[in-house]
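Coordinate analysis (summary)
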Amino acid sequence: KADRQMAKVRGPEVPVVAVDGWVVAHRCQAHDCGDKNVSVLVHVASGRVLVCWLHAPDRADARWYEAGKPPKRDPNQGCPSEVEEVRAAFRRLGY
């Protein structure tokens, strides 16, 4: 279900950034970027993939998904799109 909802997020995309071995792509819902956004993070060396999804008000906290693991909640946060936001999220979540 989550992947179908994420596919509906259509709107602005920011430049793809590289952060400490990760490539990060971000997009948000047009006219609602603060509440509906998604980031896909791929670790270049390992191929590990993380997906961050925020879909407020249904879910007010960003959710982080990784294959084979339960989602992690990131309270009161959106999905990162800039280098320092990614680093801060990784620190908060233990990535």
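I will try to describe carefully the structure that is included in this document. (Residues numbered from 1 in each chain as written. Predicted model: local features only at pLDDT ≥ 70, side-chain atom pairs only at ≥ 80, totals over all residues. Heavy atoms only, no water.)

**Regarding a nonpolar patch on the surface**
- On the surface, a nonpolar cluster with roughly 440 Å² of combined accessible area is contributed by Val16, Val23, Val40, Val42, Val44 and Val49.
- As for its placement among the helices and strands, Val49 is situated in strand β4 (residues 49-55).
- According to the relative accessible area criterion, Val49 is partly exposed, its value standing at 37%. (Patch = residues over 30% accessible without salt bridge, like charges linked within 9 Å, V, L, I, M, F, W, Y side chains within 5 Å. Areas by Shrake-Rupley, 256 points an atom, 1.4 Å probe, with all protein chains shown as cover. Salt bridge = Lys/Arg side-chain N within 4 Å of Asp/Glu carboxyl O. Helix = DSSP H or I, 4+ residues; strand = E, 2+ residues; numbered from the N terminus. Buried < 20%, exposed > 50% of the residue type's maximum accessible area, 1.4 Å probe, protein only.)

**Structural notes on the pairing of strand β5 (residues 59-66)**
- Looking at chain direction, β4 and β5 are connected through four bridges and run antiparallel. Among the inter-strand pairings, Cys52 is bridged to a residue of β5, identified as Trp64.
- The hairpin formed by β4 and β5 contains three residues between the paired strands.
- In this sheet, strand β6 (residues 69-74) lies alongside β5 in antiparallel orientation, the contact comprising four bridges. Residue Trp64 lies in a different strand from β6, and its bridge partner there is Lys72.
- What sits between β5 and β6 in their antiparallel hairpin is a turn of two residues, with Gly68 showing a positive phi close to 80 degrees. (Pairing = 2+ DSSP bridges.)

**Structural notes on the side chain of Asn37**
- Its place among the elements puts Asn37 in strand β3 (residues 36-43).
- Within polar-contact distance, the side chain of Asn37 engages the backbone nitrogen of Cys79 at 2.9 Å. (Polar contact = N/O pair within 3.5 Å; in protein donor to acceptor, adjacent residues only side chain to side chain.)

**Examining the environment of Arg63**
- In this structure, Arg63 sits in strand β5.
- Here the alpha-carbon distance between Arg63 and Asp74, two residues eleven residues apart in the chain, equals 6.1 Å.
- In contact with Arg63, other than residues within four places in its own chain, are Val51, Cys52, Trp53, Lys72 and Arg73. (Contact = heavy atoms within 4.5 Å.)

**Quick notes on the pattern of salt bridges**
- The tally for this structure, following the rule as stated, stands at six salt bridges.
- Residue Glu66 pairs with Lys69 through a salt bridge whose shortest N-O separation is 3.6 Å.
- By sharing partners, the salt bridges in this structure join Asp20, Glu84 and Arg87 into a single network.

**Re the sheet that holds β3**
- Pairing is antiparallel across the open sheet formed by six strands, whose spatial order is β1-β2-β3-β4-β5-β6. Looking at strand neighbours, the two that pair on one side only are β1 (17-19) and β6, the edges of this open sheet. Each strand axis lies, on average, 25 degrees off the axis of its neighbour in the sheet, ignoring direction. (Axes fitted to C-alpha atoms, helices over the stretch in contact; angles between N-to-C directions.)

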